[in-house]
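Structural overview for review
As a plain string of letters, each chain reads:
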Amino acid sequence: MKAFHLEIITPERIFFSGEVEELIITTPDGQRGVLPSHTPMIIAVDVGEIKIKQAEKFKSCFSAEGFLEIRPDKVVLVAQVVEWPEEIDIRRAQEAKRRGEEQLRQKQSLQEYHTTMSSLARAMARLKIKKSMNID
Amino acid sequence: MNITEIKGRIASIEQTRKITKAMYLISSVKMRKALSKLEKNATYLDRLRMTIKDILLHSGDIDHPFIKDCTGNRTAFIVIAGDKGLAGPFNNNVLNMAIKHMEGCEERFLFTIGHMATSFFNRKNYMVDIEFLHTAQNPELYHARQISEVLIDLFTQGHVDRIEIIYTHLISTLSQEPRAITLLPMDLDFFVDVKEDSNFGGTFQYDPSPKSVFDTLVPQYLIGVIYSVLVQSYASEQCSRMAAMDSATQNADDIIKDLRLKFSRARQAAVTNEMLEVANATNAVLDL
């Protein structure tokens, strides 16, 4: 199977670097797959799940906002936070979700609203990935 | 100085030495932590800047507020210093550089990170517009996110035309240097030092559109840069404090050594004196 080089980089570490067969990311318009020899492109990445296909198997992980740069030689995903499902702290995510929902009920400035919405989105995405892992 | 005076001084310097020694040990631990953070962040920042340079190079003219030309001269300065003193020349260097850098700028906004920066500018009668609290110590991504949100708001609403950040760059554990970098608007000139990583000549497509990609990319870039600058500054502070405390401890050792010598001499002199007195007295009695 054809493969391409993928790097996933966050401010705190190099999360992933290696050959993969397919990558699925969440964009503001929905999910999007990247296969080898994709045309050079820059894609905004939204909070959600990303899937990496290696040896015919998909591995999923959580990703916060970022962007994907598809170059002829490699693909680079730069994101704020990327976590494997086993690294997700479910209690922290639940707490963040509760806190976010609580804050939404209160009066907020527009800036506070955006902050709350994005932290809520992160918490929900984390919980969703954790949940889908437990069912498998 | 008599013997009791010297004894008192030795005791007090030993106390001070204990403090400087402890501070040295603490900052060396903190420095190691900061350096490991810095190392992990360096790759991220390099890649991020490379990508942005790539995009700027390969995309022709993108019409976006973040890359427009600088028209006005209202500049926002962010100055990063430490929360505490006793770090050698660390705070002074960066703050004096900031003052020099801000000269000649008529309309300016001043943001500070670290108590030392705030109190310094208050003393010099500069208006501090916003003070970001609890960020100078142990910087987290979360702080960088907050700061960049404030900055982007100011910039997109047209309150400022330019955002600069002044911090201390860590060259090595032994040398640090205050630096100023421009955050916004973005321009190819600020990426001269970034090496290009490929020679591919095509252009990129954007999904959904160049504008919306830049809308998410630039905040990312800012968060990345602010975080790394915070980490740099924090590491510099610890390195600087470590060096300062090390030399203070050595000074204390020197002084103690000196005083011990003086103490021995004074004691010896006192003993000799007493002996002389006794001998004289004995002689006088025998002569009688």
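Up top you'll find the structure we're talking about.
All of these numbers come straight from a predicted model, not from anything done at the bench. (Residues numbered from 1 in each chain as written. Chains lettered and ligands numbered in written order. Predicted model: local features only at pLDDT ≥ 70, side-chain atom pairs only at ≥ 80, totals over all residues. Heavy atoms only, no water.)

1. Observations regarding the pairing of strand 3 (residues 22–27) of chain A
All names here are of chain A. Counting buried residues along strand 3, six of its six residues qualify, which places the element largely inside the surrounding structure. Every second residue of strand 3 is oriented toward a common face, with Glu22, Ile24 and Thr26 on one face and Leu23, Ile25 and Thr27 on the other, all of them buried. The sheet contact formed by strand 3 and strand 6 (residues 48–54) spans three bridges and is antiparallel. The partner of Ile24 across the bridge, within strand 6, is Lys51. Alignment of strand 3 against strand 4 (residues 30–34), held across five bridges, turns out to be antiparallel. Within strand 4, the residue paired with Ile25 across the bridge is Arg32. Taking the residues that link successive antiparallel strands as the turn, the strand 3-strand 4 hairpin has two residues. (Buried < 20%, exposed > 50% of the residue type's maximum accessible area, 1.4 Å probe, protein only. Helix = DSSP H or I, 4+ residues; strand = E, 2+ residues; numbered from the N terminus. Pairing = 2+ DSSP bridges.)

2. A few points about the interface of chain B and chain A
With 30 residues of chain B in contact, the opposing surface of chain A contributes 32 residues. Summed over both partners, the interface of chain B with chain A buries about 2800 Å², with 56% contributed by carbon and sulfur atoms. Of all residues in chain B, the largest losses of buried area upon contact with chain A belong to Tyr44, Arg47 and Asp207 of chain B, amounting jointly to 23% of the total for that side. Run the count over chain B and chain A and you get zero salt bridges. Along the contact surface separating chain B from chain A lie four residue pairs in polar contact (both at pLDDT 80 or more). No other element matches the nine residues that helix 1 (residues 3–58) of chain B contributes to the side of chain B that touches chain A. Here the side of chain B that touches chain A is composed, by residue class, of 13 nonpolar, eight polar and nine charged. (Contact = heavy atoms within 4.5 Å. Buried area = accessible area lost by both parts, 1.4 Å probe. Salt bridge = Lys/Arg side-chain N within 4 Å of Asp/Glu carboxyl O. Polar contact = N/O pair within 3.5 Å; in protein donor to acceptor, adjacent residues only side chain to side chain. Nonpolar A, V, L, I, M, F, W, Y, C, P; charged D, E, K, R; others polar.)

3. Points about the nonpolar core
Membership of the largest hydrophobic core comes to 66 residues, with the highest contact counts inside it found for Ile163 and Leu183 of chain B. At 17 residues, helix 5 (residues 210–287) of chain B tops the list of elements feeding residues into this core. With sequence-adjacent residues up to four places away left out, Leu183 of chain B is seen in contact with Ile78, Leu151, Ile163, Glu164, Ile165, Tyr221, Leu222, Val225 and Ile226 of chain B. If you look at the next biggest cluster of nonpolar residues, it comprises 22 residues, including Phe15, Leu23, Ile25 and Val75 of chain A. (Core = buried A, V, L, I, M, F, W, Y, C linked by side-chain atoms within 4.5 Å.)

4. Quick word on helix 3 (residues 115–123) of chain B
Residues spaced three or four apart along an α-helix face the same direction, because each turn holds 3.6 residues. All names here are of chain B. Buried within helix 3 we find Ala117, Thr118, Phe120 and Phe121. Seen from one end, helix 3 has its buried residues packed into an arc of 165°, which puts them on one side. Those residues of helix 3 hidden inside the fold are in contact with strand 1 (75–80), helix 2 (90–102), strand 2 (108–113) and strand 3 (130–132). One or two positions beyond helix 3, positive phi appears at Asn125, with a value near 60°. (Arc of directions from axis to C-beta.)

5. With respect to the pattern of salt bridges
Residue and element names in this part refer to chain A. Taken as a whole and assessed by the stated rule, the structure comprises 15 salt bridges over all chains. Of the charged contacts in the structure, one is a salt bridge between Glu7 and Lys74, with a shortest N-O distance of 3.8 Å. With Glu7 in strand 1 (residues 4–10) and Lys74 in the loop between strand 8 (66–70) and strand 9 (75–79), this residue pair connects regions lying 67 residues apart in the sequence. Exposure remark for Glu7: the relative accessible area of 14% places this residue in the buried category. With a relative accessible area of 12%, Lys74 lands in the buried category. Through salt bridges that share partners, Glu69, Arg71 and Asp73 make up one connected network.

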